[in-house]
Amino acid sequence: NKPFFENINIMNSDQNFRNCIPLSESNLEQQVDMEFVVRFIVSRHCNFDNISKDDNFHEFLSDRITEIAQNPDFDIELEKQVFNDTFMYLNQLLGEDAFKKYSSEKGKFVGAVLISGFEVVALGISKNLDFIRTKANEDVKTMIQNIYERPDFKSSVAHGIRPVDRFKRLSTLSLELFKNENN
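Residue positions are counted from 1 within each chain, in the order its sequence is given. The predicted nature of this model means local features are confined to residues of pLDDT at least 70 and side-chain atom pairs, given and counted, to a pLDDT of 80 or more, with totals for whole chains, interfaces and linings taken over all residues. Each side-chain value is derived from all of the structure's non-hydrogen atoms; neither hydrogens nor water enter the calculation.

Q: Quick question: what am I supposed to make of helix H5 (residues 57-70) here?
A: Structurally, the α-helix is built with 3.6 residues per turn, so residues lying three or four positions apart point the same way. Here a strand is any run of E in DSSP of at least two residues, a helix any run of H or I of at least four, and the numbering for each starts at the N terminus. Any helix carries an expected span of 1.5 Å times its number of residues minus one. Counted at 1.5 Å a residue, the expected span for H5 with its 14 residues is 20 Å, and the 20 Å between its end C-alpha atoms agrees. When H5 is considered as a whole, its buried residues turn out to be Phe57, Phe60, Leu61, Ile65, Ile68 and Ala69. Projected down its long axis, H5 carries its buried residues within an arc of 155 degrees, all on one side. More than 90 degrees from the buried face of H5, the exposed residues found are Glu59 and Gln70. It only takes one pair of heavy atoms within 4.5 Å for two residues to be counted as in contact. Looking at the buried positions of H5, the neighbouring elements they touch are helix H1 (2-12), helix H4 (32-44), helix H7 (115-127) and helix H11 (163-177). We call two N or O atoms a polar contact when they sit within 3.5 Å, provided that within protein one can donate a hydrogen and the other can accept it, with sequence-adjacent residues counted only if both atoms are side-chain atoms. N-capping of H5 is provided by Asn56, with a side-chain oxygen placed 3.0 Å from the backbone N of His58. Buried, partly exposed and exposed residues are distinguished by accessible area as a fraction of the type maximum, computed with a 1.4 Å probe on protein chains only: under 20%, between the cut-offs, and over 50%, respectively. Taking the helix axis as origin, the arc is that swept by the directions to the C-beta atoms.

Dropping the structure here:
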């Protein structure tokens with residue numbers, strides 16, 4: 001589905017998205033940025049109950065994005081709009097710190113962009129953006145800062161957790177953390 005993948009390239013070039021994921025030249029050469037876009041789409045259209053923690057993560061991502069691309073009912077234009085809105089919000093809120101670990105000791109976000117940070121923030125924000133926008137920016141920043149100290153986050157990224165299991169756990173946590181309490 002060539003138009004689908006052309007649209008993924010368009011999403012990947014969104015400046016708000018690029019600002020939220022400052023990557024090294026090496027990561028860009030390895031197309032890590034494209035993988036973030038694919039993770040975003042797959043997480044938004046995934047039945048987490050059907051994920052086995054023993055699945056190979058790259059096969060899982062490849063299979064899911066292929067299924068999505070081949071689905072004639074998938075609305076890529078809507079997906080692009082949600083993507084653009086999500087990353088515009090995150091860029092305005094935190095910019096390049098959106099997916100970095102928060103250090104309470106240093107009182108700031110530190111280090112490189114974390115895949116786990118992306119997985120635990122992007123999905124929940126994208127699924128509940130209208131609700132999230134009703135909250136004060138400082139409250140949302142505090143929510144994101146506190147994620148990295150949560151026991152359920154720490155256990156999801158512990159040594160020995162397979163990538164597909166981490167993806168499932170963090171995506172589920174993301175949906176829980178950013179859900180609309182009014183629904």
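Q: Mind showing me how you'd approach the confidence of the model for the protein chain here?
A: In low-pLDDT segments, the atomic positions of the prediction should not be examined closely. You can read pLDDT as the predictor saying how much it trusts each residue, on a scale of 0 to 100. Predicted confidence across the protein chain gives a mean pLDDT of 94, with 99% of residues reaching 70 or more. Taken element by element, the protein chain is modelled with least confidence in helix H3 (residues 25-29), mean pLDDT 87, and with most confidence in helix H6 (residues 76-93), mean pLDDT 98.

Q: I'm lost on the packing of aromatic side chains in this one. Help?
A: Both the distance between ring centres and the angle between the ring planes are used here to describe each pair of aromatic rings. To pair, rings of Phe, Tyr and Trp, with the six-membered ring standing in for Trp, must have centres within 6.5 Å; the planes then decide the type, stacked if under 30 degrees apart, edge-to-face if over 60, and tilted in the middle. The full count for this structure, using the stated rule, is 17 aromatic pairs. When the ring of Phe17 is compared with that of Phe87, the centres are 5.0 Å apart and the planes differ by 80 degrees; the resulting orientation is edge-to-face. Here Phe17, found in helix H2 (residues 15-20), pairs with Phe87, found in helix H6; they are 70 residues apart in sequence, far enough to count as distant. The residues Phe17 and Phe87 share a single accessibility class, namely buried. Ring geometry for Phe87 versus Phe99: centroids 6.2 Å apart, planes at 65 degrees, classification edge-to-face. With Phe87 in helix H6 and Phe99 in the loop between H6 and strand S1 (101-103), the pair connects residues that are twelve residues apart, well separated along the chain. Each residue in the set Phe17, Phe36, Phe40, Phe83, Phe87, Phe99 and Phe118 is aromatic and connected to the rest through ring pairs, giving one cluster.

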